[in-house]
Amino acid sequence: LLGRLRAPFLVEGHTVSVLASVGVARVGMFDRTPTVDDVLLHADLAMYVVKQRGGSEVLLHTAGLNLAEVDDVVLGRALAPALAHHEVTVSVQPIVDLSTGRLHTLEALARWAPGDRPVSPEVIVRVAETCNLVEPLFRLVLEQSCTQLARWTHLPGGADLELDPGGELVLELM
C-alpha cells in the first residue's frame, strides 16, 4: 500500500507522490467484543505513533503502545470541543524575584480537567500542537488573560501583557 502511494504519478502535468501514516486495529477471534469507538481509538493511536516516528509507515495496534500516547489521542478528541465550550480556563502563576521578594511577573497557564482529571499545561499545549489546535488555544488564553489584565489596571504601576515568540503568555507588573 505505502509503496503504491509513494510511486510518483501525474496530476495536471505535475509529478506528485503521497506519503501516508496508517494505523491498524484488529479484533482477534478470542478478544472481548470491543465497541466501534474502541477499534477506532486503537487505529488512531497506532496512526499517531506512526506520525511521531516520522510517518510513511503502517503500524498494527498492540497492547504495548504507551499509555501516554493513548491519553494524548483521547485528549486530542476532547480538546476541540473543550475549547469551543470554554472548558479550558486560564490560571495565573506568580513569578517572584527571590532576592527582593517582589512580584515580578504573572504567567498565564492553560488549565483543563476533563472528567475531573487535571491535565498539565504542558500536555495541553502538546496535544494542541498534535491536533492543530494551537491557534484556538492561544486565542482563548489571550482573551482570558486580557480580561484579567483589564481587571488589574488599578495595581500600583499597572500591568502589561507580553508575548514571547515561543507563544508563552506573560503578564508583566510595572
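Being a predicted model, the structure only gives us computed values, none of them experimental.

Calculation rules
Residues numbered from 1 in each chain as written. Predicted model: local features only at pLDDT ≥ 70, side-chain atom pairs only at ≥ 80, totals over all residues. Heavy atoms only, no water. Salt bridge = Lys/Arg side-chain N within 4 Å of Asp/Glu carboxyl O. Helix = DSSP H or I, 4+ residues; strand = E, 2+ residues; numbered from the N terminus. Buried < 20%, exposed > 50% of the residue type's maximum accessible area, 1.4 Å probe, protein only. Core = buried A, V, L, I, M, F, W, Y, C linked by side-chain atoms within 4.5 Å. Contact = heavy atoms within 4.5 Å.

Caption draft 1: Structural detail: the pattern of salt bridges. Taken as a whole and assessed by the stated rule, the structure comprises two salt bridges. For Arg 77, the salt bridge identified is with Asp 44, shortest N-O distance 2.3 Å. Of this pair, Arg 77 sits in helix H3 (residues 67–84) while Asp 44 sits in helix H2 (residues 36–52), and the two are 33 residues apart along the sequence. In this structure, the salt-bridge partner of Glu 135 is Arg 139, at a minimum N-O distance of 3.0 Å. Remark: Arg 139 and Glu 135 occur in helix H5 (residues 134–151); sequence separation between them is four residues, near one turn of the helix. For Glu 135, a relative accessible area of 57% gives the class exposed. For Arg 139, a relative accessible area of 46% puts it in the partly exposed group.

Caption draft 2: Here's a closer look at the nonpolar core. Among the nonpolar cores identified, the biggest contains 18 residues, and Leu 79, Leu 83, Val 88, Trp 112 and Leu 137 are the most heavily contacted of them. For this core, the elements supplying multiple residues, two or more each, are H3, strand S6 (102–111), helix H4 (121–130) and H5. Contact partners of Val 88, with chain neighbours within four places excluded, come to Leu 79, Ala 82, Leu 83, Ala 110, Arg 111, Trp 112, Leu 137, Leu 140 and Gln 144. By size, the runner-up hydrophobic cluster in this structure holds nine residues, among which are Leu 45, Tyr 48, Leu 65 and Val 73.

Caption draft 3: Here's a closer look at unusual backbone geometry. Backbone geometry at His 86 places phi at a positive 55°, although glycine is not the residue there. As for its placement among the helices and strands, His 86 is situated in the loop between H3 and strand S5 (89–97). Despite not being glycine, Asn 132 shows a phi value in the positive range, around 55°. Looking at where Asn 132 falls in the secondary structure, it is placed in the loop between H4 and H5. A relative accessible area of 68% means that Asn 132 is categorised as exposed.

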